[in-house]
Amino acid sequence: ITLLQEATTNYFAGTSVAICTVKNNPTIEFPNINATYGDAPQQIFYESNSTGSVTFTSSNESVATIHGSEITFVGAGTSEITLLQEATTNYFAGTSVATCTVSKNIPTIAFPNLNVVYGVAPQQIEYESNSTGSVTFTSSNEEVASIIRKVITFVGPGTSEITLLQEATTNYFVGTSVATYTVSQNDPANPVPISGSSDLDYFLFKSDVTYANLDTPIVLTHDLISNDLKVLTCAAGVKIIKSTEPT
């Protein structure tokens, strides 16, 4: 802007130049971000009337990390996401802050039903979960199935509801799942396999159950019980004598 002042009796003509800069503050809309742990990365949404380049930073990278304009949800919690927009010819630099909240997720648990024949050895309970929370199990019918830690023993024929309870973690809520375990009566026509000597030690204490090794079926039945002595007879006619401790 050029100012020109005319001369007077006492002053010459005068002139001066001033620079007029016309800029505005950008109007930025930057909404809060809500996600659940496990959600896929996504583009950060914002609107601005300025065309200046934008960068983002996260105040808590254990919750959210940023690469370019893509946000990745690392864990449950909150993080302040700061948007910084560079100045342009018509707009000053601008900034805005949004809160990113990542909620815990519900664990996905695969806990299948199980069907066994009475007489099988105790076994580890099988399940899969995307949570690392500690797991406990309970049996609704301990006359059918009893549980110690993660090992289940099949006590008798019938059904039992096995409840899995998984504790909460930083990223997952408490989870639960129920499976039905069915223990069928032993059928001599379909003998239970003996997989090794440890199984055989266990089986020799059970009665009226038909078993099979890799070669020929072996039928074990009670013949005599005297104090702690058990006399069991194999189908082949060989007597196996076991006390309370395997020999």
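As a reminder, the structure under discussion sits directly above these lines.
Residues numbered from 1 in each chain as written. Predicted model: local features only at pLDDT ≥ 70, side-chain atom pairs only at ≥ 80, totals over all residues. Heavy atoms only, no water.

**Observations concerning the overall build of the chain**
Here's step 1: Scanning the chain for helices and strands turns up 1 helix and 25 strands.
Here's step 2: Here the chain holds 247 residues, and the buried ones make up 32% of them.
Here's step 3: For the chain, the proportion of contacts with a sequence separation of at least 24, taken over those separated by at least 6, is 50%.
Here's step 4: Accessible surface, the chain as shown: approximately 15,200 Å² in total, 52% of it carbon and sulfur. (Helix = DSSP H or I, 4+ residues; strand = E, 2+ residues; numbered from the N terminus. Buried < 20%, exposed > 50% of the residue type's maximum accessible area, 1.4 Å probe, protein only. Contact = heavy atoms within 4.5 Å. Areas by Shrake-Rupley, 256 points an atom, 1.4 Å probe, with all protein chains shown as cover.)

**What to know about the side chain of Thr169**
Here's step 1: Along the chain, Thr169 falls in the loop between strand S19 (158–166) and strand S20 (175–184).
Here's step 2: When near neighbours in sequence (up to four residues on either side) are disregarded, Thr169 contacts Lys104, Ser131, Thr132 and Gly133.

**A closer look at the side chain of Gln166**
Here's step 1: In this structure, Gln166 sits in strand S19.
Here's step 2: One polar contact links Gln166 to Ser129, side chain to side chain, over a distance of 2.7 Å.
Here's step 3: Of note is the side chain of Gln166, whose polar atom sits 3.1 Å from the backbone oxygen of Ser131.
Here's step 4: Residue contacts for Gln166: discarding those within four places in its chain leaves Pro107, Ile109, Ser129, Ser131, Thr132, Gly133, Ser134, Val135, Val174 and Gly175. (Polar contact = N/O pair within 3.5 Å; in protein donor to acceptor, adjacent residues only side chain to side chain.)

**With respect to the pairing of strand S8 (residues 64–67)**
Here's step 1: Relative to strand S9 (residues 70–73), S8 runs antiparallel, the two being bridged by 4 bridges. Considered in S9, the bridge of Ile66 is made with Ile71.
Here's step 2: From the end of S8 to the start of S9, which pair antiparallel, there are 2 residues, and Gly68 there has a positive phi angle of about 65°. (Pairing = 2+ DSSP bridges.)

**Concerning the environment of Leu165**
Here's step 1: Within the fold, Leu165 resides in strand S19.
Here's step 2: Sequence separation between Leu165 and Phe137 is 28 residues, and the spatial gap between their C-alpha atoms is 6.4 Å.
Here's step 3: Not counting chain neighbours up to four residues away, the residues in contact with Leu165 comprise Ser134, Val135, Thr136, Val174, Gly175 and Thr176.

**Concerning the packing of aromatic side chains**
Here's step 1: One pass over the full model with this rule turns up 6 aromatic pairs.
Here's step 2: Between Tyr37 and Tyr172, the aromatic rings sit 5.5 Å apart at their centres with planes inclined by 90°, giving edge-to-face as the arrangement. Of this pair, Tyr37 sits in the loop between strand S4 (33–36) and strand S5 (42–43) while Tyr172 sits in the loop between S19 and S20, and the two are 135 residues apart along the sequence.
Here's step 3: Here the aromatic rings of Phe111 and Tyr181 are separated by 6.3 Å at their centres, their planes lie at 50°, and the arrangement is tilted. Residue Phe111 is located in the loop between strand S12 (109–110) and strand S13 (114–117), and its partner Tyr181 is located in strand S20; the two are separated by 70 residues in the primary sequence. The same class applies to Phe111 and to Tyr181, which are both buried.
Here's step 4: By the ring-pair criterion, three or more aromatic residues cluster together here, those being Phe111, Tyr127, Phe137 and Tyr181. (Phe/Tyr/Trp six-rings, centres within 6.5 Å; stacked < 30°, edge-to-face > 60°.)

**Regarding the pairing of strand S18 (residues 151–154)**
Here's step 1: A one-sided burial pattern is seen for S18, the buried positions being Ile152 and Phe154 and the unburied ones Val151 and Thr153.
Here's step 2: Across 4 bridges, the pairing between strand S17 (residues 145–148) and S18 is antiparallel. The partner of Ile148 across the bridge, within S18, is Val151.
Here's step 3: Between the antiparallel neighbours S17 and S18 lie 2 residues, among them Arg149 with a positive phi of about 55°.

Honestly, that's just the spatial picture; any functional story needs more than this.
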